[in-house]
Structures are given as structure tokens and as C-alpha cells.
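Below are the chains, spelled out letter by letter.
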Amino acid sequence: MQPSDVTEPGAPDEQLKSAPADRETEGPLDESEANPVRPYVDLGGVKILPREGLQLRLEVEEGSQRVVAVGLDYAGSTLQVQPFAAPRTSGLWHEIREQIAEQIAKQGGTTRLSVGPFGPELLAEIPATTPGQPDSTRLARFIGVDGPRWFLRGVIAGDGAVDQEAASKIEELFRSVVVVRGKTPMPPRDLIPLHMPKTAAPVDDMPSTPGV
């Protein structure tokens, strides 16, 4: 099915939501849409489904020691995910996408708007701080999905940013993410809290090591 921009009737001036047309069945899923018996790894704002060869990293803010992102290494690619609170009827991805492009431009990088399986995405070429290679760059895909009262951002790097077969594997991983918005009131754009795993699910293939 094709990605679609959807919004509820009666909100003509609000930013459209951006999500695949089959998001409610194929993901990324809201907690209310997920199978409750699947052995998810509970990381607070997101749940991750273990699979062979998948490694998980928690990205921690130095000063506060707050977990600010989940990093997933899989099939030669990396996927960083972050869940944010969002309005009930309108979306965030269109506005956030423009801000990402502006930030990358300030860093001396370039972005190109494309349409992928999740809808609009940014293909970015970002200057890399590689010792001895002052002109090196890294490629990344910025993807986003607006769900019910949440927005999930993903950043794909590695093989999944340049190879179609690798991309399909990491995209399926992004699809499998479950967002746990919770009922606590939160301003839009606030990061939904993440934490260390609190689950009995098997994580043999997912060593969890906090790091930046």
C-alpha cells in the first residue's frame, strides 16, 4: 500500500499526519495495536521485537544520564529511533523534516526530499568528523511516522542508506517498533521517556549497553 497523508475531518488548518496507509496493521504500531503476547523488549517509550543478529544500544545524554535514543544495529545497517509526544489530530513530521534539513545545511551538508515506504523522507549527506579525512561525508535517511498522539523518528545509516536489499530489512525493523505513548499529558515534541530494558523477554541477540 502507498504512504498517505491523513488528518481527521474538521482540522483544515492543522498539519497533516504523515504515515503509511497500512500503519495500523503493519507498523510502526501503537501499543494498543500490538500483539500483547509477543516477547517485546520494553524500553519505555518504545518496545523492540528481538530477532537474530539484532543488537541494541541505548544512547545516553552525558549530563543528565537520560536515555535519549535507541540504536539498533542490524544486517549491516544502523537505525536510531526516538518517540515524541504529538497532538491527537495533527502531525509533526512535515515541520520537523524542514527543521532537520535546515540543521544539516548549517553543518555544511545537503539533503534531498524523497518518497519512501513511510512517506516523505530526507536523504542526507552530512560532513563526517573522521580523523585524517577532512572532506569525508556520511549518508543517512531521515524517516518519520505520525501515529496516534505520538511521532516516531528514525535515522538509517550504513548499508540501508545506499542498498535496496539492505534498506528493506531495516525498514521492516522500523515497522516492527511499538510506541508506548502512555496517558501522562505531555507537550508536543517532548521525548517520550526511555529506559533500560524491563522485560523477561529473551535478549540473547540484543546486548544492551548504554553509551553515547
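The structure under discussion appears in the preceding block.
Undergrad: For the overall build of the protein chain, give the residues involved together with the corresponding values.
TA: Within the protein chain, the regular secondary structure consists of three helices and 14 strands. Taking all 212 residues of the protein chain together, the buried fraction comes to 48%. As presented, the protein chain carries roughly 11100 Å² of accessible surface, and 50% of it is formed by carbon and sulfur atoms.

Undergrad: Mind laying out helix 2 (residues 93–106), listing which residues take part and the relevant values?
TA: Taking 1.5 Å of rise per residue, 14 residues should cover 20 Å, and helix 2 covers 20 Å from first to last C-alpha, within 8% of that figure. Turning to helix 2, its buried residues are W93, H94, I96, R97, I100, A101 and I104. Down the axis of helix 2, the sector holding all buried residues measures 165°, keeping them to one side. Exposed side of helix 2, more than 90 degrees from the buried face: E98 and K106 are the residues found there. Positive phi appears at G108, one or two residues downstream of helix 2, with a value of about 90°.

Undergrad: Please give an account of the pattern of salt bridges that cites residues and values.
TA: This model, assessed by the stated rule, comprises 10 salt bridges. For E59, the salt bridge goes to R57, with nearest N and O atoms at 3.9 Å. A residue is classified by how much of its surface remains accessible, and R57, at 29% relative accessible area, is partly exposed. Salt-bridge contacts for E95 lead to R189; the nearest nitrogen and oxygen are separated by 3.1 Å. Of this pair, E95 sits in helix 2 while R189 sits in the loop between strand 13 (178–179) and strand 14 (208–211), placing them 94 residues apart in sequence. Residue R189 is classed as partly exposed on the basis of its relative accessible area, which comes to 32%.

Undergrad: Just give me the short version of the sheet that holds strand 3 (residues 29–30), but keep the residues and values in it.
TA: Taken in spatial order, the four strands make up an open sheet running 3-13-5-4, and their pairing is mixed. Each edge of the sheet is formed by a strand with only one pairing partner; in this case those strands are strand 3 and strand 4 (41–42). Strand direction decides the pairing type here: strand 5 (residues 46–48) and strand 13, joined by two bridges, are antiparallel. Looking across to strand 13, one finds that K47 is bridged to V178.

Undergrad: Any details on the environment of P50? Residues and values, ideally.
TA: Mapped onto the elements, P50 comes out in the loop between strand 5 and strand 6 (55–60). Look at P50 and you get partly exposed, because its relative accessible area is 22%. When the C-alpha positions of P50 and P39 are compared, they lie 7.4 Å apart, and in sequence the two are 11 residues distant.

Undergrad: Describe unusual backbone geometry, naming the residues involved and giving the relevant values.
TA: For the bond running from G27 to P28, omega is -5°, close enough to zero to count as cis. Considering the arrangement of structural elements, one finds P28 in the loop between helix 1 (23–26) and strand 3. We note that A75 has phi near 55°; this positive angle belongs to a residue other than glycine. Given the relative accessible area of 34%, A75 is considered partly exposed. Residues other than glycine seldom take positive phi values, yet R149 does so here, at roughly 65°. Note on placement: R149 falls in the loop between strand 11 (137–147) and strand 12 (150–158).

Undergrad: Describe the packing of aromatic side chains, and please don't skip the residues or the numbers.
TA: Going through the model one piece at a time under the given rule, you end up with three aromatic pairs. Pairing W93 with F151 gives two aromatic rings, centres 5.6 Å apart and planes at 25°, and the pair type is stacked. Within this pair, whereas W93 is found in helix 2, its partner F151 is found in strand 12, the two being separated by 58 residues in sequence. Across the pair, exposure class does not vary: W93 and F151 are buried alike. Through a chain of ring-to-ring contacts, the aromatic side chains of F84, W93 and F151 assemble into a single cluster. Over the face of the ring belonging to Y74 we find R51, whose NZ or CZ atom lies 5.6 Å from the ring centre.

Conventions and cut-offs
- The numbers attached to residues start from 1 for each chain and follow its sequence in the written order.
- Per-residue local features of the predicted model are confined to residues with pLDDT of at least 70, and side-chain atom pairs are confined, for both listing and counting, to 80 or more; whole-chain, interface and lining totals are unaffected and use all residues.
- Heavy atoms throughout the structure, all of them, feed into the side-chain values; hydrogens and water do not.
- Think of it this way: any DSSP run of H or I at least four residues long counts as a helix, any run of E at least two long counts as a strand, and we number them from the N terminus.
- Each residue gets one of three labels from its accessible area relative to the maximum for its type: buried under 20%, exposed over 50%, partly exposed in between, using a 1.4 Å probe on protein chains only.
- Note on areas: Shrake-Rupley, 1.4 Å probe, and residue coverage restricted to the protein chains presented here.
- Here, expected helix span is obtained from the residue count minus one, scaled by 1.5 Å.
- Directions are taken from the helix axis to each C-beta atom, and the arc is the one they span.
- Take a side-chain nitrogen of Lys or Arg and a carboxyl oxygen of Asp or Glu: if they are within 4 Å of each other, that pair is a salt bridge.
- DSSP bridges decide pairing: two strands pair if at least two such bridges lie between them.
- In this analysis, rings of Phe, Tyr and Trp, with Trp reduced to its six-membered ring, are considered paired at centre separations within 6.5 Å, and the interplanar angle assigns stacked below 30 degrees, edge-to-face beyond 60, and tilted for intermediate values.
- Here, a charge over a ring means that NZ of Lys or CZ of Arg falls within 6 Å of the ring centre while also lying within 35 degrees of the ring normal.

Functional significance is not addressed by these values, which are geometric in nature.
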